[in-house]
Amino acid sequence: MIANNFSLQQTDNTVSNFITRYVNFLMLFFPITAFLLVPVIPGTTIITVLAGLMFFFIPLSTLKENKYLFYRDLFYFLCVVTVLSFCSQFINLVTNLKLIKPLILINHNDFTKTFYRKSHLTQTLPLLVGFVIYAYVKYFSTDKIIDYIYWGLRLLCLYGLYEFCFYMLTGQNGDFMVNRTFGEGEKSASLFQTVNLGGISMMRFKSYTGEPSMFVFTVFPFWVLSFGLNRTFDKFLLLGCLILTFSTTAYACMLLFGGFWIIYRRQFQLFYYLSIGIVLLCFVLQMDMFQHLLDSIYNFVFAGKLEGSASARDRSNSFATHVSYWASLNGFSQAFGIGFGYVRSTDFFSTIIVNNGLVGIVVFTTFVLKNLWLKIPGELVSICYKAGLFLVYLIMMATVPEFAYPSLWIYIALGYVLQNVKKPAADEAPTYNYTSSTKLLSNA
């Protein structure tokens with residue numbers, strides 16, 4: 001009898017260990033968003049397919065409390081989505097909603113259709129997958145997931161550096177991996193962009209996230225967190241790649257976080273040396289042989305955006321169009337929106353306010369920023385995690401309309417992993433000892 005119980009316990013531990021390791025393994029693929037395992041089926045990224053397969057193993061887990069919490073959160077999520085969907089579609093029906101042509105609709109077919117458009121359903125599926133990945137990390141991962149996450153980011157940077165160097169050597173796009181398309185298969189998910197700096201043509205860093213802005217959105221919060229985790233190699237690797245995106249958003253957020261970090265850590269001596277370095281750099285760049293390089297960098301990264309480049313004008317016009325349309329709706333539609341997945345603006349704020357209204361903004365903001373109140377051991381880890389969370393929220397609201405990228409959901413869930421680490425001594429790096437699965441770890 002004892003032997004049978006021991007054998008059963010071993011089997012249970014094996015299943016639970018498999019699920020835990022499976023979740024950790026998923027993190028190697030979370031940045032790969034522009035490659036599909038089945039190109040004819042939208043959304044079949046590696047992590048999406050693997051996450052879907054894992055769903056069938058959850059009932060086998062012996063971590064009863066974790067399993068209950070997983071299904072509970074999923075149930076609450078589905079309830080919120082269903083209620084918002086019902087409210088928006090009912091309001092559309094009784095108010096005879098009218099769409100206008102300037103709106104950036106996900107699906108331009110059946111322009112006159114306003115009740116349960118196809119995109120309302122298809123866009124909900126990626127949202128569901130994103131939440132499931134969030135719940136996997138929150139309830140079935142271990143502290144080792146952090147290493148897997150950063151290895152996933154290293155692979156992302158490695159491929160991006162290959163693309164960058166290939167273009168510098170050949171002048172051609174060396175991307176052989178991206179196969180995803182948008183719309184009716186006409187637009188590639190890989191946005192090939194170059195910048196000319198002082199006569200030298202360089203490729204803007206994107207790797208297999210698809211475009212520079214999405215690379216920034218994926219990488220930036222983890223770069224901020226690397227300061228708290230004392231991951232020196234990852235800190236400088238991610239910094240170098242972020243610089244090569246030539247993204248105004250990346251530079252602005254880096255300056256914002258850098259200023260905060262210097263003040264918070266009271267590293268005023270570092271600020272003094274940085275100031276001297278910047279002055280010397282500006283002096284050198286003013287020399288005739290370097291001045292054209294300074295002009296190129298300034299014009300592309302800053303002046304173009306401040307003076308109204310084509311991209312800046314498109315973003316501004318899109319924002320104004322969608323917010324104006326929302327303001328013209330009736331009060332009920334302003335509260336609940338016209339339906340999730342109807343429009344896709346150039347930023348998430350003007351996207352969600354049209355799709356889900358004020359209620360949607362409140363729900364999403366609460367879900368993301370409630371982690372600012374998590375009690376994470378280790379002051380530096382806590383500060384950096386929360387700074388990264390707040391900044392990626394700002395990046396998303398201002399420049400990125402993407403809600404289903406796994407990186408966002410993983411980073412939100414990572415706060416609960418960090419909350420359960422062993423509290424470090426003063427000025428020491430945290431010692432990770434994930435405790436939400438104590439039964440699993442004690443029996444392993």
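Source: prediction; values computed, not measured.

Caption draft 1: Representation of the overall build of the chain in the model. Looking only at helices and strands, the chain has 18 helices and four strands in total. Contacts in the chain between residues at least 24 apart in sequence constitute 70% of all its contacts with a sequence separation of at least 6. Carbon together with sulfur atoms contributes 66% to the accessible area of the chain, which is approximately 22100 Å² in total.

Caption draft 2: Main features of the nonpolar core. Ranked by size, the top nonpolar core spans 117 residues in total, and within it Tyr136, Phe220 and Leu414 carry the most contacts. Top contributing element to this core by residue count: helix 7 (residues 212–229), with 12 residues. Leaving out residues up to four positions away in the same chain, Tyr136 has contacts with Val23, Leu26, Ala51, Met54, Phe55, Ile58, Phe70 and Ser141.

Caption draft 3: Layout of the pattern of salt bridges. In this structure the tally under the stated criterion is eight salt bridges. Lys206 is the salt-bridge partner of Asp175, the closest N and O atoms lying 3.5 Å from each other. Taken together, the positions of Asp175 in the loop between helix 6 (145–170) and strand 1 (181–182) and Lys206 in the loop between strand 4 (200–203) and helix 7 put the pair 31 residues apart, joining distant regions of the chain. The pair formed by Asp175 and Lys206 is uniform in burial state, with each residue classed as buried. Linked by salt bridges that have partners in common, Asp147, Arg154, Arg231 and Asp234 make up one network.

Caption draft 4: How the structure looks around unusual backbone geometry. For Asn96, which is not a glycine, the phi torsion comes out positive at approximately 55 degrees. With respect to the helices, strands and loops of the structure, Asn96 is situated in the loop between helix 3 (64–95) and helix 4 (118–122). In this structure, Asn230 takes a positive phi of about 60 degrees despite not being glycine. Relative to the elements of secondary structure, Asn230 occurs in the loop between helix 7 and helix 8 (232–243).

Caption draft 5: View of a nonpolar patch on the surface. A contiguous nonpolar surface patch, about 700 Å² in accessible area, is contributed by Phe86, Phe90, Leu93, Val94, Phe115, Tyr116 and Leu121. The element best represented in the nonpolar patch is helix 3, accounting for four residues. On the secondary structure map, Phe115 appears in the loop between helix 3 and helix 4. Overall, Phe115 belongs to the partly exposed group, its relative accessible area being 35%.

Caption draft 6: Representation of the packing of aromatic side chains. Counted according to the given criterion, the structure contains 39 aromatic pairs. Ring geometry for Tyr159 and Phe176: centres 5.5 Å apart, planes at 75 degrees, overall edge-to-face. In this pair, Tyr159 sits in helix 6 while Phe176 sits in the loop between helix 6 and strand 1, placing the two residues 17 residues apart along the sequence. On the basis of an interplanar angle of 65 degrees and a centroid distance of 5.7 Å, the ring pair of Tyr162 and Phe176 is categorised as edge-to-face. Within this pair, whereas Tyr162 is found in helix 6, its partner Phe176 is found in the loop between helix 6 and strand 1, the two being separated by 14 residues in sequence. Residue Tyr162 is classed as partly exposed on the basis of its relative accessible area of 29%.

Caption draft 7: Geometry of empty space enclosed by the protein. The tally for this structure, following the rule as stated, stands at two cavities of 30 Å³ or more. Its volume calculated, the largest cavity comes out at about 80 Å³. Looking at the largest cavity, it is lined by 13 residues, and the ones nearest its centre are Phe340, Val343, Thr351, Asn355 and Phe403. Here the residues of the lining of the largest cavity sort into seven nonpolar, five polar and one charged. In this structure, the second largest cavity spans a volume of roughly 30 Å³.

What counts and how
The residue numbers shown here count from 1 along each chain, following its written sequence. With pLDDT at 70 or above as the cut-off, local features in this predicted model cover only qualifying residues; side-chain atom pairs require 80 or more to be listed or tallied, and sums for whole chains, interfaces and linings still use all residues. To get the side-chain values, all heavy atoms of the structure are used, and hydrogens and water are removed first. Each helix is a run of DSSP H or I of at least 4 residues and each strand a run of E of at least 2, with the numbering of both proceeding from the N terminus. In this analysis, two residues are considered to be in contact whenever any of their non-hydrogen atoms come within 4.5 Å of each other. Where accessible areas are quoted, they stem from the Shrake-Rupley method and a 1.4 Å probe; at the residue level, only the protein chains shown are allowed to cover. Nonpolar cores are built from buried Ala, Val, Leu, Ile, Met, Phe, Trp, Tyr and Cys residues. Side-chain atoms within 4.5 Å join them into one set. Burial classes follow relative accessibility: with a 1.4 Å probe on protein chains only, a residue under 20% of its type's maximum area counts as buried, one over 50% as exposed, and anything between as partly exposed. Salt bridge, as applied in this entry: a Lys or Arg side-chain nitrogen positioned within 4 Å of an Asp or Glu carboxyl oxygen. To count toward a patch, a residue needs a relative accessible area over 30% and no salt bridge; like charges are then connected within 9 Å, while nonpolar side chains (Val, Leu, Ile, Met, Phe, Trp, Tyr) are connected within 5 Å. Geometry of aromatic contacts follows a simple scheme: Phe, Tyr and Trp rings, the Trp one being its six-membered ring, pair when their centres are within 6.5 Å, and the pair is stacked under 30 degrees between planes, edge-to-face over 60, tilted otherwise. Points on a 1 Å grid, built from protein atoms alone, make a cavity when a 1.4 Å probe fits but cannot get out and make a pocket when they are open with protein on both sides within 12 Å along at least 5 of 7 lines; residues with an atom within 4 Å of a point are the lining residues. Grid points are joined across faces, edges and corners, and a volume is the space filled by probe spheres set on the points. Gly counts as polar in this scheme, as do all residues outside two lists: the nonpolar Ala, Val, Leu, Ile, Met, Phe, Trp, Tyr, Cys and Pro, and the charged Asp, Glu, Lys and Arg.

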